[in-house]
Each structure stands twice: as structure tokens, then as C-alpha cells.
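Structure assessment
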Amino acid sequence: MAKVKVKQVRSQINCPLTQKRGLEALGLRRMGQVVEHEVNPALLGMINKVKHLVSVEEVK
């Protein structure tokens, strides 16, 4: 399976609660934090909800 690195680049202040919960589900708690996940459809959906708050790069 492929892996991705997800980094929070923008603050969750003034975001809707669903987006805050999405960041929490991804394991992101503060700006600049990086987490690594296996790619699956559920993960891609969570990333899509908060794509304006995070940056995503594929791990080789």
C-alpha cells in the first residue's frame, strides 16, 4: 500500500466543527505537525474535507 505524509499548514480557528473533527481524525493537533498514513478511501475523504488546511505528499 502507498503511504502519504499529511502536514497541517493552516489553523483550524474559525473552521466548521466538521473540519476540526476531520483534522483530529487525521491525528493533527497543531500547525506544522506531520503524520504518515496508509492510503485508503476513508483517509482520502478526510483529506478532501480539509484540503485547504493541509498539504499532502506521497512517501516513497
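Look above for the structure.
In this report, the structure presented in the accompanying data block is examined. If you're wondering where the values come from, they're calculated on a predicted model, not measured in any experiment.

Criteria and thresholds
- Per chain, residues are indexed from 1 in the order of the written sequence.
- With pLDDT at 70 or above as the cut-off, local features in this predicted model cover only qualifying residues; side-chain atom pairs require 80 or more to be listed or tallied, and sums for whole chains, interfaces and linings still use all residues.
- Working from all heavy atoms in the structure, the side-chain values ignore hydrogens and water.
- Any carboxyl oxygen of Asp or Glu that lies within 4 Å of a side-chain nitrogen of Lys or Arg is treated as forming a salt bridge with it.
- In this description a helix means any DSSP run of H or I spanning at least four residues, a strand means any run of E spanning at least two, and both kinds are numbered starting from the N terminus.
- Buried means the residue's accessible area, taken with a 1.4 Å probe over protein chains only, is under 20% of the maximum for its type, while exposed means over 50%, and partly exposed covers the values in between.
- What the arc measures is the spread of directions leading from the helix axis to the C-beta atoms.
- Contact between two residues is taken to exist if any of their heavy atoms lie within 4.5 Å; hydrogens are not considered.

A word on the pattern of salt bridges. The final tally for this structure, using the stated rule, is 3 salt bridges. Its salt-bridge partner being E36, residue K3 comes within 3.7 Å of it at the nearest N-O pair. Residue K3 is found in strand β1 (residues 3–8), and its partner E36 is found in strand β2 (residues 34–38); the two are separated by 33 residues along the sequence. You can call E36 partly exposed: its relative accessible area is 41%. The partner of K3 in a salt bridge is E38, and the shortest N-O contact between them spans 3.9 Å. Of this pair, K3 sits in strand β1 while E38 sits in strand β2, and the two are 35 residues apart along the sequence. For K3, a relative accessible area of 33% puts it in the partly exposed group.

Positive phi values are uncommon outside glycine, yet N14 reaches one of about 65°. Secondary-structure assignment places N14 in the loop between β1 and α1 (17–26). Looking at N14, the relative accessible area reads 76%, which means it is exposed.

Further remarks concern α1. Within the span of α1, buried status applies to Q19, G22, L23 and L26. Down the axis of α1, the sector holding all buried residues measures 95°, keeping them to one side. α1 presents L17 and E24 as exposed residues on the side facing more than 90 degrees away from its buried surface. Looking at the buried side of α1, the elements it contacts are β1, β2, α2 (41–49) and β3 (54–59). At the exit of α1 stands G27, carrying a positive phi of roughly 90°.

Along the chain, Q19 falls in helix α1. Excluding residues that lie within four positions of it along the chain, Q19 makes contacts with K49, V50, H52 and L53.

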